[in-house]
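Spelled out, the chains give:
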Amino acid sequence: MKNVPIKLIEDHDEAYFFWKKLNFSQKPLIHLDAHVDFNFHQAKPLKQTFNEAKTKEDLIKQLSANRMYHQLKIKEKSLTNIGNYIYPAMRDGIVTDFYWVIPGDRKEFKKSLKNLKNIAKSFSIKDP
């Protein structure tokens with residue numbers, strides 16, 4: 001990775017738009033943070049909506065949500081924030097492998113294990 005530009009940012013989600021501007025693709029991401037920053041966008045691209053719908057009801061629900069965002073003219077920049085910028089980076093193929101490194105020692109990790117498991121479970125509920 002020769003001559004990769006460096007940018008100082010205040011909010012983590014600025015990284016997603018910086019990566020897009022540089023046309024990054026297929027990169028691993030090592031995320032050093034106590035927070036995962038991987039929540040999902042409520043509105044998804046149409047193709048993704050059709051591919052992920054498991055039932056007719058799922059499809060109708062997601063298409064309705066997408067239509068609401070479209071009618072309100074809410075752009076992706078408004079949907080992307082410090083808590084969810086990694087999701088669109090993976091969806092768009094910018095990031096392929098995501099490694100979340102939580103600061104702290106083993107004792108701190110053990111205290112957080114239940115919470116971490118709940119976070120991981122919530123991903124499969126929110127998005128396939």
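Refer to the structure presented above.
Residues numbered from 1 in each chain as written. Predicted model: local features only at pLDDT ≥ 70, side-chain atom pairs only at ≥ 80, totals over all residues. Heavy atoms only, no water.

Visitor: Account for the overall build of the protein, with residues named and values stated.
Guide: Within the protein, the secondary structure is distributed over six helices and two strands. Shown N-terminal to C-terminal, the secondary structure of the protein runs as helices and strands in the order α-β-α-α-α-α-β-α. Buried positions account for 26% of the 128 residues belonging to the protein. Considering only contacts in the protein between residues 6 or more positions apart, those separated by 24 or more positions represent 74%. Total accessible area on the protein is roughly 9,600 Å²; 56% of this is exposed by carbon and sulfur atoms. (Helix = DSSP H or I, 4+ residues; strand = E, 2+ residues; numbered from the N terminus. Buried < 20%, exposed > 50% of the residue type's maximum accessible area, 1.4 Å probe, protein only. Contact = heavy atoms within 4.5 Å. Areas by Shrake-Rupley, 256 points an atom, 1.4 Å probe, with all protein chains shown as cover.)

Visitor: Kindly report on the side chain of Asn84, identifying the contributing residues and their values.
Guide: Here Asn84 lies in the loop between α4 (76-79) and α5 (86-91). Separated by 2.7 Å, the side chain of Asn84 and the backbone nitrogen of Asn81 make a polar contact. (Polar contact = N/O pair within 3.5 Å; in protein donor to acceptor, adjacent residues only side chain to side chain.)

Visitor: Give me unusual backbone geometry: which residues, what numbers.
Guide: Notably, Asn23 is not glycine yet its phi reads approximately 55°, a positive angle. By the element assignment, Asn23 lies in the loop between α1 (14-21) and β1 (27-32). Even without being a glycine, Gln26 presents a positive backbone phi close to 55°. With respect to the element layout, Gln26 can be found in the loop between α1 and β1. Given the relative accessible area of 54%, Gln26 is considered exposed.

Visitor: Lay out a nonpolar patch on the surface with the relevant residues and their values.
Guide: A cluster of nonpolar side chains, Ile30, Leu32, Tyr99 and Val101, forms an exposed patch at the surface whose accessible area comes to about 420 Å². Mapped onto the nonpolar patch, the elements with two or more residues apiece are β1 and β2 (95-101). Secondary-structure assignment places Tyr99 in strand β2. (Patch = residues over 30% accessible without salt bridge, like charges linked within 9 Å, V, L, I, M, F, W, Y side chains within 5 Å. Salt bridge = Lys/Arg side-chain N within 4 Å of Asp/Glu carboxyl O.)

Visitor: Go over the packing of aromatic side chains, please, and point to the residues and values.
Guide: If you walk through the whole model with that rule in mind, you get two aromatic pairs. Judged by centre distance (6.2 Å) and plane angle (45°), the ring pair of Trp19 and Tyr85 falls under tilted. Of this pair, Trp19 sits in helix α1 while Tyr85 sits in the loop between α4 and α5, placing them 66 residues apart in sequence. Judged by its relative accessible area of 14%, Trp19 is buried. Directly above the aromatic system of Phe24 lies the positively charged group of Lys27, at a separation of 5.8 Å from the ring centroid. (Phe/Tyr/Trp six-rings, centres within 6.5 Å; stacked < 30°, edge-to-face > 60°. Lys NZ or Arg CZ within 6 Å of the ring centre and 35° of its normal.)

Visitor: Run through α1, naming residues and quoting values.
Guide: Residues of α1 that are buried: Ala15, Tyr16, Phe18 and Trp19. Seen along its axis, α1 keeps its buried residues to an arc of 165°; they face one direction. Where α1 ends, the next residue or the one after it, Asn23, has phi of about 55°, a positive value. (Arc of directions from axis to C-beta.)

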